[in-house]
Amino acid sequence: MMTTEIKAFWQNYINGEFVDGGAGRLDVDNPGTGEKLAEQALADARDVDTAVAAARACHESNVLFDMRPVERGRIVRKIGDYLLDHVHEIAPVLTLESGKPLWEARKEIEGAARYFEYYGNQAETLEGRSIPLGAGYFDFTTYEPYGVSGQIIPWNFPLEMTARGIAAALATANTCVVKTPEIDPLSLYYFCKAAEYAGLPPGALNILCGEGTVAGAALSSHSDVNQIVFTGSVPTGVAIASAAAKNVVPCVLELGGKSAAIVHDDADIDNFIKNVRMGIFFNAGQVCSAMSRAIVHQSVNDEVVERLVDVAQNLSVGPGIERTEFGPNMGAMVSEKQCDRAEKICAAAEREGAKAATGGRKMNQPGYFLEPTIMTSVTQDMEIANEEVFGPVISVINFIDDDEAIRLSNATSYGLVGGVFTRDLDRATKVAREMRAGQIFVNEWYGGGVETPFGGYGKSGYGREKGREALMNYVQTKNVAIKLSDR
Ligand code: NAD
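Think of each chain on its own: its residues are numbered from 1, step by step along the sequence as written. With pLDDT at 70 or above as the cut-off, local features in this predicted model cover only qualifying residues; side-chain atom pairs require 80 or more to be listed or tallied, and sums for whole chains, interfaces and linings still use all residues. The side-chain values count all of the structure's non-hydrogen atoms but skip hydrogen atoms and water molecules.

Some details on unusual backbone geometry
Right, on to step 1. We note that Val248 has phi near 55°; this positive angle belongs to a residue other than glycine.
Right, on to step 2. Counting through the fold element by element, Val248 comes out in the loop between helix 8 (234–246) and strand 11 (251–254).
Right, on to step 3. Here the phi dihedral of Asn443 falls at roughly 65°; this positive angle occurs in a residue that is not glycine.
Right, on to step 4. In this text, helices come from DSSP runs of H or I with a minimum length of four residues, and strands from runs of E with a minimum of two, each type numbered from the N-terminal end. Looking at where Asn443 falls in the secondary structure, it is placed in the loop between strand 20 (439–442) and strand 21 (461–462).

Here is the structure:
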């Protein structure tokens, strides 16, 4: 096995200083081996207070807001430049703490950098408007930052999720307090180094790790936080939004999904199979917008299932650090708990009558690996068709007519993304219109990018990340009406 030495202890970052945590230290494991990897400083509620106070002071100094936006944008872009310049240093850390293959870690870092490029470029484009009020008035609107943005980060893409929120927040002159995930917080350290490199003023970006129910709860209920961004599970989203509501603080919630790809009888099956590779096995399926259900026309079911099994069985599964290049490979799940949970959902599905065409079990090797799994004979009333497995598991559900396919795809409480594979443009546009989801993929799962808005319908949350839309989460509109003299 390849070994990579990393630092034994990683600190939090408050007001431009690296600091220990009031709650001591937390062990971070390597999911590829199950062994301890390093220790992380663990923040308590007082550390959260200190970080919020630093962010508040920086906000009230107006140092970011007073800057010409192009200058602020350049600082934001430089954070991304630093990440790209250090990709080979950061990627092994991210791989070792999260379990993902090294090439996926590099891809995540590049994705994180892209947010800083995109929102850095947007900083000088946010313009108000002038509203005619007749003679004697000049009226205009401006966009102002909320102030302190509290951001609570999930473990599946710690770097990209953090970049997504803080790039837009900083570009619009907010200051940030980021609560990192307990499972894989280490690589967030490089954002602090990047902030220093870019010349971000102290207090503008504070990054600390702490328990969700301690530091996360302290941040989401803090009376000096002005806006909250959260990605993660529905129950935690509800807890955070409830705490924020007590302070009348707006939230952006991105709470996962149970997204479906409809595969029509006229679909290009080669193309669909190619998309499954990334759709469900990327990051071992721990993706909120994963293709976790394939709603397949009965007439092509046998061919599709056979080819899905082939993809799953030909993946080389093992420690991410040894999987350096894109190819048919997959890493570990992030933790034993997540791996056990996914296995349990598969076992329950089999008891309910589904069949594991391949996979469904934990692998007999050190680390937290679940076999790439194709579950067939799934019906929409089963738990596996409604609950996020958050693992490398795709459920195949059959349909006979187009309306049934749409009905099945809309039958969960989520609505994050959805897809349709067909050569018929009329069918595709009908599905795009009728699917209840915030983002629709036609013939390419994950079509779009940082430029395109992303966010859910239903229990998948509210607000939009990415794209121009996301900027509006971070600003409040001010209207200025000027009464001119009658001279
Ligand atoms: P979680 O939602 O509990 O944790 C996500 C983040 O919220 C972490 O940083 C955690 O510390 C924090 N948190 C937890 N409780 C909190 C509280 N009361 N107040 C404030 N912050 C709090 O998710 P999890 O337990 O790590 O995973 C459970 C399930 O959530 C997964 O199986 C998966 O289905 C889902 N999930 C979804 C996403 C996504 O991208 N949509 C990401 C991670 C997890």
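From this point, things continue past the structure.
With respect to the sheet that holds strand 17 (residues 373–376)
Right, on to step 1. Paired strands, as defined in this entry, are two strands with at least two bridges between them according to DSSP. Ordered by their spatial adjacency, seven strands build an open sheet running 16-17-18-13-12-19-20, and the pairing between neighbours is mixed. Single-partner strands in this sheet number two, and they are strand 16 (355–358) and strand 20. Recorded for the sheet is a direction-independent mean angle of 25° between the axes of neighbouring strands.
Right, on to step 2. When strand 17 meets strand 18 (residues 393–399), the two strands line up parallel, connected through three bridges. Bridging across to strand 18, Met375 finds its partner in Ser395.
Right, on to step 3. In what follows, a contact means two residues having at least one pair of non-hydrogen atoms within 4.5 Å. To define axes, lines are fitted to C-alpha atoms, for helices over the stretch in contact only, and angles between the resulting N-to-C directions are given on a 0 to 180 degree scale. Sheet contacts for helix 9 (residues 269–281): strand 12 (259–263), strand 13 (291–297), strand 17, strand 18 and strand 19 (417–421); angle to strand 13, the most-contacted strand, approximately 160°.

A look at the environment of Thr236
Right, on to step 1. Within the secondary structure layout, Thr236 lies in helix 8.
Right, on to step 2. On a C-alpha basis, the gap between Thr236 and Val148 in space is 21 Å, while along the polypeptide they are 88 residues apart.

Comments concerning the pattern of salt bridges
Right, on to step 1. For this document, the term salt bridge refers to a Lys or Arg side-chain nitrogen within 4 Å of an Asp or Glu carboxyl oxygen. Scanning the model with the defined rule gives 23 salt bridges in all.
Right, on to step 2. Across the salt bridge formed by Arg106 and Glu325, the nearest N and O atoms sit 3.5 Å from each other. Of the two residues, Arg106 is situated in helix 4 (residues 102–122) and Glu325 in the loop between strand 14 (316–317) and strand 15 (329–330); the sequence distance between them amounts to 219 residues.
Right, on to step 3. A 1.4 Å probe rolled over the protein chains alone gives each residue an accessible area, and that area as a share of the maximum for its type sets the label: buried under 20%, exposed over 50%, partly exposed in between. Relative accessible area serves as the criterion here: at 18%, Arg106 is assigned to the buried category.
Right, on to step 4. Residue Lys430 pairs with Glu434 through a salt bridge whose shortest N-O separation is 3.2 Å. In this pair, Lys430 and Glu434 both sit in helix 13 (residues 425–434), four residues apart, roughly one turn of the helix.
Right, on to step 5. According to the relative accessible area criterion, Lys430 is partly exposed, its value standing at 33%.
Right, on to step 6. Since its relative accessible area comes to 35%, Glu434 is described here as partly exposed.

Digging into the sheet that holds strand 5 (residues 35–41)
Right, on to step 1. One open sheet holds the three strands; their spatial order is 1-5-4, and the pairing between them is mixed. Edge positions in the sheet fall to strand 1 (9–10) and strand 4 (25–30), since each has one partner strand and no second.
Right, on to step 2. When strand 4 meets strand 5, the two strands line up antiparallel, connected through six bridges. Following the sheet pairing, Leu26 is matched in strand 5 by Gln40.
Right, on to step 3. Contacting strand 1, strand 4 and strand 5, helix 3 (residues 87–98) runs over the sheet at an angle of about 90° to strand 4.

Some details on helix 3
Right, on to step 1. By definition here, a helix of n residues has an expected span of 1.5 Å times n minus one. For helix 3, which comprises 12 residues, the first-to-last C-alpha distance of 16 Å matches the rise-based estimate of 16 Å (1.5 Å per residue) to within 8%.
Right, on to step 2. Most of helix 3 is tucked away: 10 of the 12 residues are buried.

Things to note about the pairing of strand 17
Right, on to step 1. With burial as the criterion, each face of strand 17 is covered, one bearing Thr373 and Met375 and the other bearing Ile374 and Thr376.
Right, on to step 2. With three bridges connecting them, strand 16 and strand 17 associate as antiparallel partners. Looking across to strand 17, one finds that Lys355 is bridged to Thr376.

Here's the deal with the site of the ligand
Right, on to step 1. Taken together, 25 residues are adjacent to the ligand, and Ile153, Trp155, Lys179, Glu182 and Ser233 come closest.
Right, on to step 2. Polar contacts here mean pairs of N or O atoms no more than 3.5 Å apart (in protein, one a potential hydrogen donor and the other a potential acceptor; neighbouring residues in sequence count only if both atoms are side-chain atoms). For the ligand, a nitrogen atom lies 3.2 Å from a polar atom in the backbone of Gly256.
Right, on to step 3. Taking Arg341, its side chain carries an N or O atom lying 3.3 Å from an oxygen atom of the ligand.
Right, on to step 4. Elements with a contribution of two residues or more to the shell around the ligand: helix 7 (212–220), strand 10 (227–231), helix 8 and helix 11 (336–351).
Right, on to step 5. Here the shell around the ligand gets three residues from one element, more than from any other, and that element is helix 7.
Right, on to step 6. Polar here means any residue other than Ala, Val, Leu, Ile, Met, Phe, Trp, Tyr, Cys and Pro, which are nonpolar, and Asp, Glu, Lys and Arg, which are charged; Gly is therefore polar. Split by residue class, the shell around the ligand holds 11 nonpolar, nine polar and five charged.
Right, on to step 7. Note that domain bounds follow an automatic or database assignment of domains. The residue makeup of the shell around the ligand includes at least three contributed by each of domain 1 (9–256 + 461–478) and domain 2 (259–413 + 417–449). Here a residue is near a molecule or strand as soon as one of its heavy atoms is found within 4 Å of it.

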